[in-house]
Amino acid sequence: MINVTKTYFPPLEEYVKQLERIWRNEWLTNRGELAIELEGKLKDFLGVQNVLLMNNGTIPMQIALKVLGEGGEIITTPFSYVATTSAIVWENCKPVFVDIHPEYFTIDERKIEAAITERTTCILATHVFGNPCAVEEIELIARKYGLKVIYDAAHAFGVNYKGKSLFSYGDVSTCSFHATKLFHTGEGGAVFCNDHKLNHQLFYSHNFGHNGPTAFHGLGINGKISELQAAMGLSVLPHIDEIMKNRRNCVEYYNRHINFSICDKIKIREGSSWNYSYYPVLFSSEATLIKIIEKMNDNGINPRRYFYPSLNNLNYVNSLKMPVSEDISSRILCLPLSHDLDYKDLQKVVKVINSHE
Ligand SMILES: *Cc1c(COP(=O)(O)O)cnc(C)c1O
């Protein structure tokens, strides 16, 4: 089976070496040596001011919404993974959807202002498939109305925009290090925040609010990463260049060989270095998409409908129609993309698409 993605497994002996450190330390969690070392290495690799590792990519969004959302209305995108919306609802805030840009698939910044009310507290937008949102325009709008900006940057590992890490835009960015992501710790994630005071608040919030063993800064939850997860991260990170290079080769193969009169590809925003995290293609209709998926499945290929459905149609939200997002959701498909696809696999995928008439 050729799957939409494949988890990168580092050489086992490298993981065992990290585990041996844990056994020597007899220390499994609560910000051990490995977690702190991984934070330092990620800081250098990404070129960001602060990294705080957490146990997945959803909890940092919830913590940021708890701290900044104040139970208000959160302007958000309908075209993302379900966690972006569920985190808002889980934190007793109200998602207010704004439709997406038809070419970039990120929140349409031209439509944000019309959705702002007195109850709006934050904008939570996703850098979809590693494609940056219109971060400058969004910052201007946020400043004008006194809103906070949180980016679901789960797909944005390694992406730079205008010369700096995409994680350094907005008040808070969150990333996922789930096993299916470009860089992973099995389960895991991180939060990025440049403001010292806010970063401190996010920090104590992810550790029950602790201020030492017997005192508390405030409310908190458990968002801590374990040493076992950090060990995986420390074993994967040295291979990240090779992972990206292999993925870039796949992307270049698709770019060269797919017949783009049958489908369109994503438009990456000018000024950004992309990370080859996903390869979405957009067909002319849902009927074509379904036909192609069937043919792929017959050939042992397992693509995924990212993102479907459009999140404004979840049964626990109330929303206006989001015509662009609903339309794109119904026609978009992520093709197999990983460090471990060979030319035969890629050829097979391309052949199914190009033979469609
Ligand atoms: C993977 C993903 C998440 C959730 O991350 P977890 O680590 O699985 O909690 C959130 N948002 C987007 C866009 C994602 O792709």
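Cut-offs applied
Residues numbered from 1 in each chain as written. Predicted model: local features only at pLDDT ≥ 70, side-chain atom pairs only at ≥ 80, totals over all residues. Heavy atoms only, no water. Helix = DSSP H or I, 4+ residues; strand = E, 2+ residues; numbered from the N terminus. Rg over C-alpha atoms; globule rule 2.2 N^0.38 Å. Buried < 20%, exposed > 50% of the residue type's maximum accessible area, 1.4 Å probe, protein only. Contact = heavy atoms within 4.5 Å. Lys, Arg positive; Asp, Glu negative; His and termini not counted. Charge placed at Lys NZ, Arg CZ, Asp CG, Glu CD. Pairing = 2+ DSSP bridges. Axes fitted to C-alpha atoms, helices over the stretch in contact; angles between N-to-C directions. Domains from an automatic or database assignment. Buried area = accessible area lost by both parts, 1.4 Å probe. Salt bridge = Lys/Arg side-chain N within 4 Å of Asp/Glu carboxyl O. Polar contact = N/O pair within 3.5 Å; in protein donor to acceptor, adjacent residues only side chain to side chain. Near = heavy atom within 4 Å. Areas by Shrake-Rupley, 256 points an atom, 1.4 Å probe, with all protein chains shown as cover. Nonpolar A, V, L, I, M, F, W, Y, C, P; charged D, E, K, R; others polar. Parallel < 35°, antiparallel > 145°, perpendicular 65-115°, else oblique. Left-handed = near helix turned anticlockwise from the far one by under 90°.

Draft legend 1. The overall build of the protein, seen in detail. If you tally the helices and strands in the protein, you get 11 helices and 15 strands. Taking 357 residues into account, the globule formula puts the C-alpha radius of gyration at 21 Å, and the protein, at 21 Å, falls close to it. Expressed as lengths along the three principal axes of its C-alpha atoms, the size of the protein is roughly 70 × 55 × 35 Å. With 357 residues in all, the protein has 56% of them scored as buried. Contacts in the protein between residues at least 24 apart in sequence constitute 69% of all its contacts with a sequence separation of at least 6. When the 36 basic and 39 acidic side-chain charges of the protein are each reduced to a single mean position, those positions are 2 Å apart.

Draft legend 2. Quick look at the sheet that holds strand E3 (residues 73–76). The strand order across the open sheet built from 7 strands is E2-E10-E9-E6-E5-E3-E4, with neighbouring strands paired in mixed fashion. In this open sheet, the two edge strands, each paired with only one partner strand, are strand E2 (52–54) and strand E4 (94–97). In this sheet, neighbouring strand axes are inclined to one another by 25° on average, regardless of whether the strands run parallel or antiparallel. Strands in contact with helix H2 (residues 33–46) are E2 and strand E10 (189–192); relative to E2, the strand with the most contacts, it is inclined by about 120°.

Draft legend 3. Here's a closer look at the domain arrangement of the protein. When cut into domains, the protein gives domain 1 (2–238) and domain 2 (240–354). Using C-alpha coordinates to define each centre, domain 1 is positioned 24 Å away from domain 2. Contacts between domain 1 and domain 2 engage 50 residues on the former and 51 residues on the latter. Taken together, both faces of the contact between domain 1 and domain 2 bury some 4,400 Å²; the carbon and sulfur share is 64%. Residues Asp340 and Lys6 are paired through a salt bridge, measuring 2.5 Å at the closest nitrogen-oxygen approach. Here domain 1 and domain 2 share 22 residue pairs in polar contact (both at pLDDT 80 or more) between them. Those elements that provide at least two residues to the side of domain 1 that touches domain 2 are strand E1 (2–3), helix H4 (82–90), E4 and strand E7 (160–161).

Draft legend 4. Geometry of the site of the ligand. Within the structure, the ligand sits among 15 residues, and Thr58, Asp152, His155, Ser176 and Lys181 are positioned closest to it. Summarising the interface, the protein chains cover 91% of the accessible area of the ligand, which totals 380 Å² for the free molecule. Broken down by class, the residue content of the shell around the ligand amounts to 4 nonpolar, 9 polar and 2 charged.

Draft legend 5. Structural view of the pattern of salt bridges. Going through the model one piece at a time under the given rule, you end up with 16 salt bridges. Of the charged contacts in the structure, one is a salt bridge between Arg143 and Glu139, with a shortest N-O distance of 2.5 Å. In this pair, Arg143 and Glu139 are both assigned in helix H5 (residues 135–145), 4 residues apart and thus about one turn of the helix distant. Assessed through its relative accessible area of 61%, Arg143 is described here as exposed. Between Arg305 and Glu286 there is a salt bridge, and its shortest N-O distance comes to 2.8 Å. Of this pair, Arg305 sits in the loop between strand E14 (301–302) and helix H10 (323–331) while Glu286 sits in helix H9 (residues 286–298), and the two are 19 residues apart along the sequence. By relative accessible area, Arg305 is classed as partly exposed at 21%.

Draft legend 6. Region of interest: the side chain of Ser325. Mapped onto the elements of the fold, Ser325 is located in helix H10. Residue Ser325 is classed as buried on the basis of its relative accessible area, which comes to 0%. For Ser325, the residues in contact, after removing those within four places along its chain, are Pro78, Phe79, Asp99, Ile100 and Ser310.

Draft legend 7. How the structure looks around the packing of helix H3 (residues 59–68) against H4. In contact at an axis separation of 9 Å, H3 and H4 are set at 40° when each is read in the N-to-C sense. It follows from the interaxial angle that H3 and H4 lie oblique. Viewed along their axes, H3 and H4 form a crossing whose handedness is right-handed. Across the interface between the two elements, Met61, Gln62 and Leu65 from H3 touch Ala83, Thr84, Ala87, Ile88 and Trp90 from H4. Considered class by class, the residues forming the contact of H3 with H4 number 6 nonpolar, 2 polar and no charged.

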